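# Per-entry structural report
Each chain, letter by letter, is given below.
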Amino acid sequence: MTTQSKSLAYLEQTQDFIRRHIGPNAEQTQAMLNDIGAESVDALINEIVPSDIRLSALPAIEESKTEAQALSDLKAVASLNKVNDTYIGLGYYGTLTPNVILRNVLENPGWYTAYTPYQPEIAQGRLESLLNYQQMCIDLTGLELASASLLDEGTAAAEAMALAKRVSKNKKSNLFFISSDVYPQTIDVVKQRAEMFDFDVIVAPAHEAADHDVFGALLQYPSATGEVTDISELIEKIHANKGIVAVAADIMSLVMLKAPGELGADAVIGSSQRFGVPMGYGGPHAAFFTTSEKYKRSLPGRIIGVSKDTRGNAALRMAMQTREQHIRREKANSNICTAQVLLANMAAFYAVYHGPKGLKIIANRIHRFADILCLGTATKGLTAVHANYFDTLTFNLDNKEEIVARALAAGVNFRTDIDGQISISIDETTTRENIAGLFDILLGEGHGLDVSDLDDKIVSSGHCSIPAALVRESEILTHPVFNSYHSETEMLRYIKRLENKDLALNHSMISLGSCTMKLNATAQMIPVSWPEFANMHPFAPVDQALGYKQMIDELGDWLVELTGYDNISMQPNSGAQGEYAGLIAIVKYHESRGDAHRNICLIPSSAHGTNPASAQMVGMKVVVVACDKEGNVDMNDLRTKASEMADNLACIMITYPSTHGVYETTVAEICNIVHEHGGQVYLDGANMNAQVGVTSPGYIGADVSHLNLHKTFAIPHGGGGPGMGPIGVKAHLAPFLPDHALINVDESTKGNGAVAAAPFGSAGILCISYLYCAMLGKQGVTDATKYAITNANYLAKKLSEHYPLLYAGKNGRVAHECIIDLRPLKATSGITEVDIAKRLIDYGFHAPTMSFPVAGTFMIEPTESESKVELDRFVEAMVSIRDEVRKVESGEWSSDNNPLHNAPHTLADITDTWDRGYSIKEAVFPVPAAAKNKFWPTVNRIDDVYGDRNLICSCPPIESYQD
Ligand SMILES: *Cc1c(COP(=O)(O)O)cnc(C)c1O
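In this numbering scheme, every chain counts its residues from 1 along its sequence in written order. Under the rules for a predicted model, residues below a pLDDT of 70 receive no local features and side-chain atom pairs below 80 are neither given nor counted, while totals for whole chains, interfaces and linings still include all residues. For the side-chain quantities, the full set of heavy atoms in the structure was used; hydrogens and water were omitted.

## Considerations on the sheet that holds strand β22 (residues 849–850)
Note: two strands are recorded as paired if DSSP finds a minimum of 2 bridges between them. A run of DSSP states H or I qualifies as a helix once it reaches four residues; a run of E qualifies as a strand once it reaches two. Both are numbered from the N-terminal end. The strand order across the open sheet built from three strands is β21-β23-β22, with neighbouring strands paired in antiparallel fashion. In this open sheet, the two strands that pair with only one neighbour each are β21 (818–821) and β22. As judged from the four bridges shared by β21 and strand β23 (residues 857–860), these two strands associate in the antiparallel manner. When the bridges of β23 are listed, Ile-819 appears paired with Met-859. Two residues qualify as a contact provided that any one of their heavy atoms is within 4.5 Å of a heavy atom in the partner residue. Helix axes are fitted to C-alpha atoms over the stretch in contact, other axes to C-alpha atoms as well, and angles between N-to-C directions run from 0 to 180 degrees. This element, helix α27 (residues 833–842), spans β22 and β23 of the sheet and lies at about 45° to β23.

## Some thoughts on the UniProt feature "modified residue: N6-(pyridoxal phosphate)lysine" (unreviewed entry) in the chain
UniProt positions are given in the numbering used here, feature names are shortened, and annotations may be inferred rather than shown by experiment. Under the feature "modified residue: N6-(pyridoxal phosphate)lysine" (unreviewed entry), the UniProt entry names Lys-711. Here Lys-711 lies in the loop between β19 (704–706) and β20 (727–729). Relative accessible area serves as the criterion here: at 9%, Lys-711 is assigned to the buried category. In contact with Lys-711, other than residues within four places in its own chain, are Ser-514, Cys-515, Thr-516, Lys-518, Ala-686 and His-717. Per-residue accessibility, obtained with a 1.4 Å probe over protein chains only, is compared with the maximum for each type, and a residue is labelled buried under 20%, exposed over 50%, and partly exposed between these values.

## Brief notes about the packing of aromatic side chains
Stacked, tilted and edge-to-face are the three classes applied to pairs of Phe, Tyr and Trp rings, where Trp contributes its six-membered ring and a pair requires centres within 6.5 Å; stacked means planes under 30 degrees apart, edge-to-face means over 60, and tilted covers the rest. Under the criterion given, the structure shown has 22 aromatic pairs. Summarising the aromatic geometry, the rings of Trp-111 and Phe-349 are spaced 5.3 Å apart at their centres and angled 90° between planes, so their arrangement reads as edge-to-face. Here Trp-111 is found in helix α7 (residues 109–112), whereas its partner Phe-349 is found in helix α12 (residues 341–379), with 238 residues between them in sequence. The burial state of Trp-111 is the same as that of Phe-349; both residues are buried. Over the aromatic face of Tyr-93 sits the side chain of Arg-274, whose NZ or CZ is 3.7 Å from the ring centroid. Across the ring face of Trp-914, the terminal group of Arg-916 is positioned such that the distance to the ring centre comes to 4.9 Å. Distance and angle both matter: a charge sits over a ring if NZ of Lys or CZ of Arg is within 6 Å of the ring centre and within 35 degrees of the ring normal.

## Things to note about the site of the ligand
Whether a residue is near a molecule or strand depends on its heavy atoms: it is near if one of them lies within 4 Å of it. Taken together, 14 residues are adjacent to the ligand, and Thr-338, Ser-514, Asp-684, His-710 and Lys-711 come closest. We call two N or O atoms a polar contact when they sit within 3.5 Å, provided that within protein one can donate a hydrogen and the other can accept it, with sequence-adjacent residues counted only if both atoms are side-chain atoms. Within the side chain of Asn-708, one N or O atom sits 3.0 Å away from an oxygen atom of the ligand. Accessible surface is estimated by sampling points in the Shrake-Rupley manner with a 1.4 Å probe; for residues, cover comes only from the protein chains shown. Isolated, the ligand exposes 380 Å² of accessible area, and the fraction of that covered by the protein chains is 99%. The biggest single contributor to the shell around the ligand is helix α20 (residues 575–592), with three residues. Class assignment for the residues of the shell around the ligand results in three nonpolar, eight polar and three charged. Gly counts as polar in this scheme, as do all residues outside two lists: the nonpolar Ala, Val, Leu, Ile, Met, Phe, Trp, Tyr, Cys and Pro, and the charged Asp, Glu, Lys and Arg.

## Considering the sheet that holds strand β4 (residues 200–204)
Strands belonging to one sheet form pairs held by backbone hydrogen bonds; the direction of such a pair is parallel or antiparallel. Strand order across the open sheet formed by seven strands is β2-β8-β7-β6-β5-β3-β4, with mixed pairing between neighbours. Because the sheet does not close on itself, it has two edges, and the strands there are β2 (145–146) and β4. Taken together, the five bridges between strand β3 (residues 175–179) and β4 define a ladder with parallel strand orientation. Residue pairing in the sheet places Ile-178 in a bridge with Val-203 of β4. Strand contacts of helix α11 (residues 232–240): β5 (216–221) and β6 (244–249), with the helix running at about 150° to β6, the strand carrying the most contacts.

## Remarks on the domain arrangement of the chain
The split into domains, and so the bounds of each, comes from an automatic or database assignment of domains. As far as domains go, the chain holds domain 1 (85–504 + 935–962), domain 2 (531–774) and domain 3 (782–934). Placing the centre of domain 1 and that of domain 2 at their C-alpha centroids yields a distance of 29 Å. The partner domain 2 presents 60 residues to the 50 residues of domain 1 that form the contact. The term buried area means the drop in 1.4 Å probe accessible area that two parts suffer when joined, counted for both and summed. Between domain 1 and domain 2, roughly 4,400 Å² of surface is buried when both sides are summed, and carbon and sulfur atoms account for 61% of that area.

## Some thoughts on the pairing of strand β15 (residues 600–604)
Within a regular strand, the side chains alternate between the two sheet faces. Of all five residues in β15, five are buried; the element is thus mostly enclosed. Neither face of β15 is open: one carries Ile-600, Leu-602 and Pro-604, the other Cys-601 and Ile-603, and all of them are buried. Two strands pair when backbone bridges link them, and β15 and strand β16 (residues 621–625) are joined in this way by five bridges, in the parallel orientation. Following the sheet pairing, Ile-600 is matched in β16 by Lys-621. Looking down the strands as they point away from you, a crossover is right-handed if its path from the first strand over the helix to the second goes clockwise. Handedness of the β-α-β unit built from β15, helix α21 (residues 610–617) and β16 comes out right-handed. In this sheet, strand β17 (residues 649–655) lies alongside β15 in parallel orientation, the contact comprising three bridges. When the bridges of β17 are listed, Ile-600 appears paired with Leu-649.

So this is what it looks like as structure tokens:
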């Protein structure tokens, strides 16, 4: 047949995105269905998804668009944004992302598609970069211990308050003090958190902090209006009252200012955004958190630590991994899971690239421009409010309206939310011309000021607007890594060297159950770097952000349709933050009905650790509901507990399909039971990849859910963040969604507190999920679900011939993931799930989710994006590993000298004396496919216990580099 006889639709097929997103082609699908024993994909879905929750029609979102069309349409939307020169400050600043970092980190799938470093042997690159990040934070803040990023400055401040409560010796106080010159959005987030913890809060001028009996206080340094003051005496006084002091600090100012740690702070938090990470209308950016060694058990978030591998070489890992917050469930310090790894890496690379000298020049230039602006205006009779400042000048104005109008006409934004005042924050992107333009706006044209003349005056007068006592004397960034890669060639190779140590989705499939490591399409990533999106300040006047508004509204409408809810809030910037926001809505809903006493949260034993951790953050009492031996919620236990606790029942948190990878047929009944007893249903949406287009939480009967846009909706995991966790709610919960102190998110939620610093969370990455929906359309998003289920059932079928499948639905089918049980192997051979996870590395694979939700198991989620070829490669590896275990079982290989026990194998192993009971080929090329696409781990198996006993969370000392 010639192409002449084929339809245009046929000829257009290479432009269709659906077939690019979905891994298996028609032939592969048919072969898989044959193996599974199903007629068709639809027949399989009909067998699996319970009919009472099955949607009958495709979701009412748009038809799919080609990549080219979707990008060009979104470009038109983006162009509705008007990106002004911004001097708003308040934690968000213009910054120059070094292009070598932009292209080779932010825009590089080797960095952005990796997962949280749960398998550290194949994550040494990002672990090194995160260690650099921690070292950078330690040096700049002057405290001993740093975590590897938190979500944003506001939530980091809230975490600092929680730390203060835990460690303060002032046990009888329930009062937390917030300086009124803390950023308003931070105050809002901290107050919301305090309300949930039942802490009292006082917001007052900083100097009053010592007048109150507090367990802790939060100060801002420099203050929101820009003032630099010596807070050391104040801190001493608060300490005398046994209060803990957290200081929110600006990272760039710390290059020049005395470190808050040196002034006595117990914890220092802030944002590392202005170290090379675009504003993105509020995020994503990495917040930092440092504290002193003695509070290490209370530090929220992940910490990267130095341990050693089996060869005794230094190797990095997540320190105290089992203390990863949410894993401690309701005993956790915080619910944080997904953090901001990619952005922490960018900030760390920024510090590596500029080094201490470069950073000092950047900070000094910013400061000089502030001096020039200050001196220039003062000469003309307009004097800034504070004499001591770093980059921010505040002016009292009689003619504020006139000046602001002039600024807007010139395409300039100031901070304007305080009556009669404006503030101007200078940043790295500010130029001489910009300063001249600011004089024009502030003083009117014809002022006769000259930037170079003013500069000369400042240099010759030796005037300093930073008090002598607060000028930094301690050195920063003395480690070799910050002093070695200042040419672009060196930097490029350093970034590449680290990238090569990490296994990401651009190498092989990562079947981490519950994490949905699907395709992050390149086209979806492209708009992240468009200036219209990247350079928008979150507090820019809303009429300048109409492109963002349209994109957020449209995406919101689609997500409402796909979830079956009535409203959505885009504010939470991770799944766990979504849980927190959703539970707050439930708390406030009960309060509004005079049911404030409802405080019991039922959680099945199989739940993800963030669920109980979030419940305790809103002051709920967690009651665990049992699961039966099939992994389903034990309905009798649920009925009993729901009715026994009916008077105080607040809600249930369930995951659907359950974390056991099965569509529980009783889900609608679970909702009914809880509703009957006055409770609300929180449905954890992490498994939405098994629901979209096929069923929905709203249809099932739930009241509120978070979506992990970084799972189901294609935002890449970034090595452990960023993410987005918007929540959908039924109408009755909508009045209780988060609001924002500076931006009116929605008239109906006015005055509600905030759960994140920016009104729409990490808005800068919403374009990814937007394009995911636009390019797949109603058919594609539904197909994604169906093929995710098909792929999982194919894997379950193939693997169940070699490993017991732990759970399956009534007809032997699974949902979008499956669990295989490795415990029997341990009994017969001594080989553990850890051995098998590490052995998979030798085959070129990242292990599936290990020991969640059941210890001694793998939970495997292939997603729709993997082709049969890749699934077969994985099956081949798992089958080969089963054969290897058999050799241990039979005694052919000894229990402590076999490739599983010794995995993973490195080049160091095979170039050293080889005295193993198996061959080098068996070790490193166990199947031909492994040889063809070999991934070499750079370290041997890492000693977890050693790393925790000898906690080191900073770069190795200089001396260690000298051999
Ligand atoms: C991933 C996940 C979460 C937490 O989401 P984060 O974005 O990492 O905070 C919660 N519940 C389940 C079931 C998950 O898989």
